Amino acid sequence: MKKYLNLFSALIASFRPKSKIPIIDSYGQSTLNQNEQQALMEWLFACLMSVRYFGKAHLIWDDGQEREREIFTALMRNEPIFLYRQGARPSPTVEGYGWRLIGEHPSLRMYQLEMEVEGE
């Protein structure tokens with residue numbers, strides 16, 4: 001039932017107007033200090049702007065909490081989703097999607113959600 005509720009709320013969110021300014025919504029609790037968080041956000045904004053993306057993006061501080069609702073909402077709105085891994089491995093995601101490591105970030109803890117393609 002919870003999965004259907006998450007899907008329904010994501011569907012409703014997909015009808016809301018999209019942001020025209022760069023925004024990063026974050027979810028969870030970060031273990032980084034304020035300066036490290038600021039540097040990470042600046043890096044993420046710079047990456048998004050370098051590919052000319054000026055809408056809303058989502059950053060999950062991987063604190064082990066289930067984030068299915070936030071993920072479905074962002075997917076329905078076709079908005080990028082990032083995860084900062086705080087443990088040894090990233091948390092599982094929704095079926096059919098996986099976390100791809102972003103090797104350009106020096107921490108090697110940044111991931112982007114991508115659709116899994118069969119056969120890879």
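Provided above is the structure to which this section pertains.
Residues numbered from 1 in each chain as written. Predicted model: local features only at pLDDT ≥ 70, side-chain atom pairs only at ≥ 80, totals over all residues. Heavy atoms only, no water.

Further remarks concern the environment of Glu42. Along the polypeptide, Glu42 turns up in helix H2 (residues 34-50). With relative accessibility at 48%, the residue Glu42 sits in the partly exposed group. (Helix = DSSP H or I, 4+ residues; strand = E, 2+ residues; numbered from the N terminus. Buried < 20%, exposed > 50% of the residue type's maximum accessible area, 1.4 Å probe, protein only.)

For the rest of this paragraph, the subject is the sheet that holds strand E3 (residues 81-85). Here we have five strands laid out as an open sheet, ordered E1-E2-E3-E5-E4, and mixed in their pairing. In this open sheet, the two edge strands, each paired with only one partner strand, are strand E1 (23-27) and strand E4 (97-101). Within this sheet the neighbouring strands show an average axis-to-axis angle of 30 degrees, counted without direction. When E1 meets strand E2 (residues 56-62), the two strands line up parallel, connected through five bridges. Residue pairing across strands places Ile23 opposite Lys56, the latter belonging to E2. Against the sheet, helix H3 (residues 68-76) touches E1, E2, E3, E4 and strand E5 (110-115), its axis set at about 145 degrees to E3. (Pairing = 2+ DSSP bridges. Axes fitted to C-alpha atoms, helices over the stretch in contact; angles between N-to-C directions. Contact = heavy atoms within 4.5 Å.)

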